[in-house]
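Spelled out from the first residue to the last, the chains are:
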Amino acid sequence: MNDKQGTWKVVRRVALTAGVVALSAMAFVACSSSSSKDKTPTKSAATTPAAGATSAATKAATTPAAGGSSIPSNVGKADSAKLTGAGATFPTPLYTRWFSDYKASVASGVEVNYQSIGSGGGIKQITEKTVDFGASDAPMSDDEVSKAAGIQHVPTTLGAVVMTYNIDGVTTALKLDGDTIAKIYLGKITKWNDAAIAGQNAGVTLPSADIVVVHRSDGSGTTFVFTDYLSHVSAEWKAGPGTSKNPQWPVGLGGQGNEGVSQQVKQNKNSIGYVELVYTKQNNLPAAQIKNKSGDYVTPSTDSTSLAASGVTIPADYRTSIVDSATKGAYPISSFTYILLYKDQKDAAKAKALVDLLWWAIHDGQKTTTELGYAPLPKEVVAMVEKTLTTDIVSGGAPVLKP
Amino acid sequence: MRGLDPRELLFRGFVTIAAMAVVVILLLMVVELTHTAWPAIDKFGLKFIWSTEWNPPKERFGALPFIAGTLVTSLLALVVGTVIGVGAALFLVEFAPPYVRVPVSYMVELLAAIPSVVYGLWGVFVLGPWIQKTSGPFILDYFSWMPFVKGPALAVGVLAAVLILTIMILPTIIAISRDVIIAVPRSQREGILALGATRWEMIRIAVLPYARSGVLGAAILGLARAIGETLAVALVIGNSTNVPDSIFSPAYTMASVIANQFREVENSTHEAALIYIGLLLLLITLLVNAIARALVWRVTRGQITTVVE
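Keep in mind that what you see is a predicted model, and the values were worked out from it rather than measured.

Here is what the cut-offs are and how they apply
- Residues numbered from 1 in each chain as written.
- Chains lettered and ligands numbered in written order.
- Predicted model: local features only at pLDDT ≥ 70, side-chain atom pairs only at ≥ 80, totals over all residues.
- Helix = DSSP H or I, 4+ residues; strand = E, 2+ residues; numbered from the N terminus.
- Contact = placed C-beta atoms within 7 Å.
- Pairing = 2+ DSSP bridges.
- Axes fitted to C-alpha atoms, helices over the stretch in contact; angles between N-to-C directions.
- pLDDT = per-residue confidence, 0-100.
- Nonpolar A, V, L, I, M, F, W, Y, C, P; charged D, E, K, R; others polar.
- Buried ≥ 20, exposed ≤ 12 C-beta atoms within 10 Å, placed from the backbone.
- Right-handed = clockwise from strand over helix to strand, strands pointing away.

Novice: If you had to explain the environment of Trp237 of chain A to someone new, which residues and values would you point to?
Specialist: Residues and elements named next belong to chain A. Checked against the element boundaries, Trp237 lands in helix 10 (residues 235-239). Residues Trp237 and Asp179, spaced 58 residues apart in sequence, show a C-alpha to C-alpha distance of 9.2 Å. In this structure Trp237 touches Ala182, Leu186, Leu230 and Ser231, once residues within four positions along its chain are discounted.

Novice: Would you mind going over the sheet that holds strand 1 (residues 80-87) of chain A in detail, with residue names and values included?
Specialist: Residues and elements named next belong to chain A. An order of 2-1-3-11-4-8-6-7 is seen for the eight strands of this open sheet, with the pairing classed as mixed. In this open sheet, the two strands that pair with only one neighbour each are strand 2 (109-116) and strand 7 (253-255). Pairs of neighbouring strands in the sheet enclose a mean axial angle of 25°, with direction left out of account. Note that strand 6 (residues 212-216) and strand 7 share three bridges and pair parallel.

Novice: Let's hear about the confidence of the model for chain B: which residues, and what values?
Specialist: Taken residue by residue, chain B gives an average pLDDT of 89. The fraction at 70 or more is 96%. Here the predicted complex carries an ipTM of 0.83, next to a pTM of 0.82.

Novice: I'd like a description of the interface of chain B and chain A, backed by residues and values.
Specialist: As a measure of interface size, the accessible area lost when the parts come together is often cited. Contact with chain B, which involves 26 residues of that partner, is made by 25 residues of chain A. Counting only elements with at least two residues in the side of chain B that touches chain A, the list comes to strand 1 (54-55), helix 5 (116-143) and helix 10 (254-261) of chain B. In terms of residues, the side of chain B that touches chain A owes the most to one element, helix 5 of chain B, which gives four residues. Tallied by class, the residues present in the side of chain B that touches chain A amount to twelve nonpolar, ten polar and four charged.

Novice: Outline the environment of Val251 of chain A, listing residues and values.
Specialist: Residues and elements named next belong to chain A. Positionally, Val251 belongs in the loop between helix 10 and strand 7. Since 17 C-beta atoms lie within 10 Å of it, Val251 is described here as partly exposed. It is 32 Å that separates the C-alpha atoms of Val251 and Leu307, two residues lying 56 residues apart in sequence. Once you skip the residues sitting within four places of it in the chain, Val251 turns out to touch Gly187 and Val213.

Novice: Describe the pairing of strand 2 of chain A, naming the residues involved and giving the relevant values.
Specialist: Residue and element names in this part refer to chain A. Where strand 1 lies against strand 2, eight bridges are found, and the strand directions are parallel. The partner of Ser80 across the bridge, within strand 2, is Gly109. For the segment spanning strand 1, helix 4 (residues 92-105) and strand 2, crossover handedness is right-handed.

Novice: So what's going on with helix 7 (residues 178-186) of chain A? Residues and values would help.
Specialist: Residues and elements named next belong to chain A. Among the nine residues in helix 7, seven count as buried, and that is most of the element. Residues of helix 7 that are buried: Gly178, Thr180, Ile181, Ala182, Lys183, Ile184 and Tyr185. Gly187 sits one or two positions beyond helix 7 and adopts a positive phi of about 80°.

Structure below.
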């Protein structure tokens, strides 16, 4: 966590001095590099509606009120409130950046105290109403929702889980499909030169060595997304370990946090592990290309992650899984991360400050996402969240934010 | 009882409360642990102890992998640590000249002051790679005929945890053993030497039997530290819920599973099961202490006890 934050500081300083030029340059580089690596021809990417949506989403991030709403993104500039939130560790660097940017450039009176205690803790605290908002990587279960009546999920950004590896003599990007990953983690595929892996990696010399499987030892939203994906692509996984923050791993060794997993992968030859996209970006770890539903091997990137939420049906409460997305060019192990708040807000001033902040976050705030390794929300999701914020969050019987 | 002096009464009251506080705190902890672990105790009963399944999403819990991991790593560390520790203590007392004894004793005490996370990180960055690249392949080449020795040699696992724990409990064992051995009366040594014993015979006949109970006490204190150690072990043991079948297998301990999983529990049963493990850990520590007391008592029956006991 600490060296992460150190990195953020550096990134931030660079970004502040270089300003908009750096931002647009980075976005451009990210776009062009991923589309060439993804094996998705640039031509088709430009013509498919889904890819069109992302480029629109990138644009949306730079213009306030993407969905055609008339509310400016800095609507909360006169707000004054002290907000407290708690929850997921995964979006913490982004949230910390958002809250300080918001205070510095939009509403100097809004101070947010966010404690990254983990998704489970965030859900617990918002259920007990000891915080103004919670945060979670995994959507709340039906059981959890029933204990927190009137809770609203608001997606803020997207993250992806990346397969990283350390194989003797393999320098090019490894290609894997979901079924193979599931079999590796089930202990059904135990050698790197197994036909299932070799068949997808023609021209790569794979050693006949045992696969060292690495997973998280602590309960984690990252594990939830990863196992959710495996449950979607493998019936055997679904019937076995299933989707969970703490599954019973049939094989492998556990590392604590992204750091622990990547450390084990680096140290143990012929190993494979899974970490967050943000973490691989900071540490330059090798990342496997994963075969998605439309049959392409996709390199994990902020763009391919955004695509996963594009062109899919999202329910009004946003409690959905976007893994194994059918969209062309979408990275299949992707997920939303959420802020949780009550629809009916008791304190009108706090409610306004919170909703205004979220309004800013889904518009101007999206600009900072790619810079930190998170994926921006696609345009259609931003439009949905706009509607949620302007109609569903009420205080004293009236919507907090009126269009 | 001339205890009418109010200061005397005040002092007596204070020391009584201090002593009772320890008892009350322990009792309250047992009560609270039992209370919060009750859903799991009620659901799994004693079967929890020998069941090997740990499946939070399906709400099926058994603690055997953790109990096995804790006992195997702690007991192995105890054996290695006691042999090295008593050897070192004997050297310091019986053989070392003062200009060696003083700095070495000082360093032993420094070793005890290093935080456990530092040991853990050293385990991850130095010990792990050494096991994987150097000692592991060597052991596999020459000793794979032995039970519980099979590959592949990973950077984390039972062996790494045992070595880390050994180093962590050494200061305790050396320091206490040294004090106990020093306390063996000079006259006893001189007497046996006067009978024509060699130095080795003197240690075997006059020193070790006399220091037995103290050395045992030192070992038990070391064992208690090994059983409870959390962070360093969590970093090097590999955190796998499968029962280990080799010294290179990844395993898990009771303390580290609580540390790893308590923050993001799956459901309330998972939380209760983790607290149930905490309760078992407390009971195992109690049991170890009881066994230790019994051993010390058996060994010292009819003997003058040494300073430590």
